[in-house]
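Observations on the three-dimensional arrangement
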Amino acid sequence: MRAIRAAAATAALAAALAACSGGDGGDGGTAAPSGSAAPSGPISWGPCTDIKRADGQGVATPAPDQQCGKLAVPLDYADPAAGTIDLALIRIRATGPGQRIGSLLFNFGGPGASGVDTLAQAAKALGSLGARYDLVSFDPRGVERSSGVRCGGTAEMDEFTSVDSVPEDAAERAEIERITEEFTAACGNTSGKVLAHVGTVNAAQDMDRIRAALGDQRLNYLGMSYGTQLGAVYATRYPEKVGRFVLDAPLDPSVSMKERTLVQTAGFQKAYEAFLKDCVKDRQCKIGPDADTANRNIEALMDRLNDEPLKVGDRELTQGLAGTGIAAALYSEQTWPLLDQVLALAVKGDGRGLLFLADSYTGRGSDGSYSTVMSSFPAISCVDTAERPGDAELLQTEKQALKISPLFGSAGMGTICSSWPVPGDDAASKVDASGSAPSW
């Protein structure tokens, strides 16, 4: 139930892409994308005034080299008369020297991550890539500024993100089911108009509208994690429009929900074990003198939080939020020392640090408002699959995941999708990209 937060592009990858030249990107025509009734209009660019700070706590100072805009696209590509939604975009114009190649569109992962915020925050890390490309990203449909999916208000989101991830008995299992069903019902009540239309296939069609509106004959694209699936779907639907594509840390779209849950659980456990090993090897580990002791101390902390959450002001650090905070810090080795510190403080009864890490992961601001990441992630994931697992299958997945990791094991996204208010399909899992080989 923990959303995947995407990493920013590395400077080395940026430099490699920037070295490419040639092609027919340019400022080409704006022919209507295949399979759509009419092209979208031009993008009206202006200052970026609502970029979130990297810590999610407030709005960043506008950068003069960043432009933001909106592009109207059909809500339902099968029924253009159903109206439109606005996609939010960001652009950083090519700075030179050298001839401009064209635009380069980014999706940094998720699903559910804001491309507008991430590109603005990662711009400096992209190195020389911005010399010859206009760097462009967007909030995919159902995300943040692009008709972002919301599931109730602060109270509903606080209850959902605080729930314990692993039930210890039938009563806790029933409580998780109740909270999950109330959450999914709130998604339908708050964002029912867009829920059926936020999937990856529609997002790929949106990308071709973006390509045309930018004036590029071909789409140059860099996708990471979930962004690789989005790119693969685009290449399958629009092979003749594929330009330079980099798909980094690819997902296999054909795997089942259960398989994805088990692989993700194993990934978190591997990172957790690496954190413990690093903590006791190169520095004095505050959470324990050796890896086994540190792990036991963390497990004991989680058990205590399950029975009695820690008070943090007018909030509580629950077992579920503590697990989320730990997961948030495992993505980068740079945050491992911080994780050691906040875990040691939590053992002593101070849960502020772990709660801050959890909030950074779930998109909760200091004012209690949430980004859409915890709502957009299940919205896109559940629409992208026809799977709706039953109780027996969920329990089997949970048991297998807990064998892999007692700390991170759970039934995964199937818990949410089983009660999702709109059906899904498997169209986004069928990719082959035939005919999309580069022509230079």
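As shown above, the structure is provided for reference.
This report concerns the structure included in the present document. (Residues numbered from 1 in each chain as written. Predicted model: local features only at pLDDT ≥ 70, side-chain atom pairs only at ≥ 80, totals over all residues. Heavy atoms only, no water.)

**Quick notes on the overall build of the protein chain**
- The number of helices and strands found in the protein chain is 14 helices and nine strands.
- The buried share of the protein chain, taken over its 440 residues, is 53%.
- For the protein chain, the proportion of contacts with a sequence separation of at least 24, taken over those separated by at least 6, is 76%.
- Just so you have it, the protein chain exposes about 18,600 Å², and 53% of that area is on carbon and sulfur atoms. (Helix = DSSP H or I, 4+ residues; strand = E, 2+ residues; numbered from the N terminus. Buried < 20%, exposed > 50% of the residue type's maximum accessible area, 1.4 Å probe, protein only. Contact = heavy atoms within 4.5 Å. Areas by Shrake-Rupley, 256 points an atom, 1.4 Å probe, with all protein chains shown as cover.)

**Regarding the state of the cysteines**
- Applying the stated criterion across every chain yields a total of four disulfides.
- Residue cysteine 151 pairs covalently with cysteine 187 via a disulfide, S to S 1.9 Å. Negative torsions about the S-S bond denote left-handed disulfides, and the value of about 100 degrees found for cysteine 151 with cysteine 187 makes this one right-handed. With cysteine 151 in the loop between strand S5 (133-139) and helix H3 (154-162) and cysteine 187 in helix H4 (residues 170-195), this pair connects stretches of sequence that are 36 residues apart.
- You can call cysteine 187 buried: its relative accessible area is 0%.
- The connectivity of the disulfide-linked cysteines in the protein chain, indexed sequentially, is 1-2, 3-4, 5-6, 7-8. (Disulfide = S-S within 2.5 Å.)

**Quick word on the side chain of threonine 200**
- Along the chain, threonine 200 turns up in helix H5 (residues 200-214).
- Of note is the side chain of threonine 200, whose polar atom sits 2.3 Å from the side chain of aspartate 384.
- Apart from the residues within four sequence positions on either side, threonine 200 is in contact with Tyr226, Gln229, Leu230, Val233, Ile380, Asp384 and Ala428. (Polar contact = N/O pair within 3.5 Å; in protein donor to acceptor, adjacent residues only side chain to side chain.)

**Comments concerning the nonpolar core**
- If you look at the biggest cluster of nonpolar residues, it comprises 52 residues, and the most contacted ones within it are Leu89, Leu105, Met207, Ile210, Leu230 and Trp420.
- Element by element, the count of residues in this core is highest for helix H12 (residues 373-383), at seven residues.
- Once residues lying within four places of it in the same chain are set aside, the contact partners of leucine 230 are Asn107, Phe138, Thr200, Ala203, Ala204, Met207 and Tyr221.
- Core analysis: the next-biggest nonpolar cluster, separate from the first, contains 35 residues, Phe268, Cys285, Leu305 and Leu407 among them. (Core = buried A, V, L, I, M, F, W, Y, C linked by side-chain atoms within 4.5 Å.)

**Structural notes on the pattern of salt bridges**
- One pass over the structure, following the stated rule, counts 16 salt bridges.
- For arginine 178, the salt bridge is made with glutamate 182, and the minimal N-O distance between the two is 3.0 Å. You can see arginine 178 and its partner glutamate 182 sitting in helix H4, four residues apart, about one turn around the helix.
- Relative accessible area serves as the criterion here: at 40%, glutamate 182 is assigned to the partly exposed category. (Salt bridge = Lys/Arg side-chain N within 4 Å of Asp/Glu carboxyl O.)

**What about the layout of surface pockets?**
- Approximately 340 Å³ is the volume found for the second largest pocket.
- Forming the walls of the second largest pocket are 20 residues, and the residues nearest its centre are Arg173, Glu177, Asp391, Leu394 and Thr415.
- Of all the secondary-structure elements, those providing two or more residues to the lining of the second largest pocket are H4 and helix H13 (391-404).
- Sorting elements by how many residues they give to the lining of the second largest pocket places H4 first, with five residues. (1 Å grid on protein atoms, 1.4 Å probe; cavity = no way out; pocket = protein on both sides within 12 Å on 5 of 7 lines; lining within 4 Å. Points joined across faces, edges and corners; volume = space filled by probe spheres on them.)

**Considering the packing of aromatic side chains**
- With the rule as written, the count across this model stands at 10 aromatic pairs.
- Judged by centre distance (5.3 Å) and plane angle (5 degrees), the ring pair of phenylalanine 106 and phenylalanine 108 falls under stacked. Phenylalanine 108 shares its class with phenylalanine 106; the two are buried.
- Seen in terms of ring centroids, tyrosine 331 and tyrosine 361 are 6.0 Å apart; in terms of plane orientation they differ by 35 degrees. Their pairing is tilted. Of this pair, tyrosine 331 sits in the loop between helix H9 (319-330) and helix H10 (336-347) while tyrosine 361 sits in helix H11 (residues 352-362), and the two are 30 residues apart along the sequence.
- Owing to a relative accessible area of 39%, tyrosine 331 belongs among the partly exposed residues under this scheme.
- Taken together, the aromatic side chains of Phe268, Tyr272, Tyr331, Tyr361 and Phe408 make up a single cluster linked through ring pairs. (Phe/Tyr/Trp six-rings, centres within 6.5 Å; stacked < 30°, edge-to-face > 60°.)

**Observations concerning the pairing of strand S7 (residues 242-248)**
- By the bridge criterion, five bridges tie strand S6 (residues 219-224) to S7 in an arrangement that is parallel. Opposite tyrosine 221, over in S7, you have phenylalanine 245 as the bridge partner.
- In this fold, the crossover linking S6 to S7 by way of helix H6 (residues 226-237) has right-handed handedness. (Pairing = 2+ DSSP bridges. Right-handed = clockwise from strand over helix to strand, strands pointing away.)

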